[in-house]
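For reference, the chains in residue letters:
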Amino acid sequence: MTTAVERPSLKAKERPGDRIFATSTIVAGSLILAILAAVAAFLLVQSLPAFLADPEEFKGDTTNFWSYVWPLVFGTLWAAFLALIMAVPVAIGIALFISHYAPRKLAQGLGYLIDLLAAVPSVVFGLWGIGVLAPLVQPFYTNLVEWFGWIPLFAGPVSGTGRTTLTVAIVLAVMVLPIITALSREIFLQTPVLYEEASLALGATRWEMIAMAVLPFGRAGIISASMLGLGRALGETMAVAMVLSPSRDVIFQLLTSQNPTTIAANIALNFPEAHGVGVNILLATGLILFVITLVVNMIARVIINRRKAFSGAN
């Protein structure tokens, strides 16, 4: 007579700690989505009066909300684009130096100094831009207009104070530099050693190894870091408001005293005295900035997904 042997259950017993942790992560993720949706709904509801407001409610010669917000959108994108052009190559160079060229002690110290820039308040960067950078670069701007004034971007008349769009772009580039550098450095350090050793074994120099192995592996990570820095530049308020002499005009010239302002700076400068529909107009411009930031991140996500199979960002 045989007796059936009971088999132990293959399903492991779930511990209370695992259940609590899983629940907390779900709640945290859902909370982020809920907050994002609440912010979007608030901005949308508060912006509706601005879309239907009378032309008299808008300052200047604007006749509707879109003619009011378009110069602000241009100034926001233009300043952030210039900052990104200047910051990304420098950040990649610093990240490569720290990860593949510098001695260990020097790399640690330099990385620490770069990370410290991220802790500096934006108002300090604004004061630095007004008191130090603008007077320092103003003579250089004068020479640029004399040498390259035939190029529309450098056409005069040059600003006598140095508080121009290019100065703001330099300040924003310094502000986003630690973000892009820190993320790029970590991505480069994740490059598989096998890729690097294989390139060197085939006779490649160190730079050729970086070009063939490190940079392709970190391409998606560089894009992610750049988009994160772009988000910081798009939303920067105090530094732009303090350095620029703003105007709501579409101006491509970089060195003149008349400069396009940004959405965030415009809100900061006008919100204290706004009332009635004026508050709704400023909130509507905030909604536009919210949409721009969301679109930028969506584009970055699409680009990164194309490199998911060979990427240091996933």
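Below is a summary of the structure that appears in this document. This is a predicted model, so every value here is computed, not measured.

1. Some details on the environment of Ile26
Link 1 in the chain: Locating Ile26 in the fold gives a position in helix 1 (residues 16–51).
Link 2 in the chain: A sequence separation of 184 residues divides Ile26 from Ile210, and the C-alpha atoms of the two residues are 40 Å apart.

2. Thoughts on the side chain of Thr167
Link 1 in the chain: Mapped onto the secondary structure, Thr167 falls in helix 5 (residues 165–189).
Link 2 in the chain: Beyond its immediate chain neighbours, meaning those up to four positions away, Thr167 contacts Gly129, Leu133, Ala134, Val137, Tyr141, Gly162 and Val243.

3. Side note on the side chain of Glu236
Link 1 in the chain: With respect to the secondary-structure elements, Glu236 resides in the loop between helix 8 (219–235) and helix 9 (238–243).
Link 2 in the chain: For Glu236, the side chain forms a polar contact with the main-chain nitrogen of Ala239, separated by 3.2 Å.
Link 3 in the chain: In this view, Glu236 contacts Ser122, Leu172, Met175, Thr262 and Ala264; residues no more than four positions away in its chain are not counted.

4. Digging into the packing of helix 2 (residues 65–101) against helix 3 (residues 104–117)
Link 1 in the chain: Between helix 2 and helix 3, the least distance of the axes is 8 Å, while the angle of their chain directions is 150°. Handedness of the helix 2/helix 3 crossing: left-handed. For the pair helix 2 and helix 3, contact is made by Ile94, Phe97 and Ile98 and by Leu106, Ala107, Leu110, Gly111 and Ile114, respectively.
Link 2 in the chain: In terms of residue class, the contact of helix 2 with helix 3 is built from 7 nonpolar, 1 polar and no charged.

5. A word on helix 4 (residues 122–148)
Link 1 in the chain: End to end, helix 4 covers just 32 Å across 27 residues, shorter than the expected 39 Å (1.5 Å per residue, more than 12% under).
Link 2 in the chain: The axis of helix 4 is deflected most strongly, by about 45°, at Leu133, and proline Pro135 appears within four residues downstream.
Link 3 in the chain: Turning to helix 4, its buried residues number three or more, namely Ser122, Phe125, Gly126, Gly129, Leu133, Ala134, Val137, Gln138, Tyr141, Leu144 and Val145.
Link 4 in the chain: Those residues of helix 4 that are buried are in contact with helix 3, helix 5, helix 8 and helix 9.

6. Looking at the packing of aromatic side chains
Link 1 in the chain: Under the definition given, this model contains 7 aromatic pairs.
Link 2 in the chain: Plain terms: the ring middles of Trp78 and Phe252 are 5.5 Å apart, the flat faces sit at 75° to each other, and that makes the pair edge-to-face. Here Phe252 lies in the loop between strand 1 (246–247) and strand 2 (259–260) and Trp78 lies in helix 2, a separation of 174 residues in the sequence.
Link 3 in the chain: With relative accessibility at 44%, the residue Phe252 sits in the partly exposed group.

7. Here's the deal with the pattern of salt bridges
Link 1 in the chain: Under the definition given, this model contains 3 salt bridges.
Link 2 in the chain: Close ionic contact of Asp115 with Arg185 constitutes a salt bridge, the shortest N to O distance being 3.6 Å. Taken together, the residues span a long stretch of sequence, with Asp115 in helix 3 and Arg185 in helix 5 at a distance of 70 residues.
Link 3 in the chain: One salt bridge connects Arg232 with Glu236, and the closest N-O pair in it is separated by 3.6 Å.
Link 4 in the chain: Linked through salt bridges whose partners overlap, the residues forming this network are Asp115, Arg185 and Glu186.

Conventions and cut-offs
- The residue numbering used here restarts from 1 in each chain and proceeds along that chain's sequence as written.
- Two thresholds apply to this predicted model, a pLDDT of at least 70 for residue-level local features and 80 or more for giving and counting side-chain atom pairs, whereas whole-chain, interface and lining totals are computed over all residues.
- Calculation of side-chain values draws on the structure's entire complement of heavy atoms; hydrogens and water are dropped beforehand.
- Helix numbers and strand numbers start at the N terminus; a helix is a DSSP run of H or I with at least 4 residues, a strand a run of E with at least 2.
- Here, two residues are considered to be in contact whenever any of their heavy atoms come within 4.5 Å of each other.
- Counting of polar contacts relies on pairs of N or O atoms within 3.5 Å, with two restrictions inside protein: one atom must be capable of donating a hydrogen and the other of accepting it, and residues adjacent in sequence are counted only when both atoms are side-chain atoms.
- Think of each axis as a best-fit line through the C-alpha atoms, taken over the contacting stretch in the case of a helix, with angles from 0 to 180 degrees between the N-to-C directions.
- Each crossing gets its hand from how the near helix is turned against the far one by less than a right angle, where anticlockwise is left-handed and clockwise is right-handed.
- Just so you know the grouping, Ala, Val, Leu, Ile, Met, Phe, Trp, Tyr, Cys and Pro go in nonpolar, Asp, Glu, Lys and Arg go in charged, and all remaining residues, Gly too, go in polar.
- Working rule for helices: expected span equals 1.5 Å times residues minus one.
- Take the seven residues that end at a residue and the seven that start at it, fit an axis to each, and the angle between those axes is the bend at that residue.
- Residue burial is assigned from relative accessible area. The probe radius is 1.4 Å, only protein chains are included, and a residue is buried under 20% of its type maximum, exposed over 50%, and partly exposed in between.
- Centre distance within 6.5 Å is the pairing criterion for rings of Phe, Tyr and Trp, where only the six-membered ring of Trp is used; planes under 30 degrees apart are then read as stacked, over 60 as edge-to-face, and the remainder as tilted.
- One side-chain nitrogen of Lys or Arg within 4 Å of one carboxyl oxygen of Asp or Glu is enough to make a salt bridge.

Everything listed here is a matter of geometry and, on its own, says nothing about what the molecule does.
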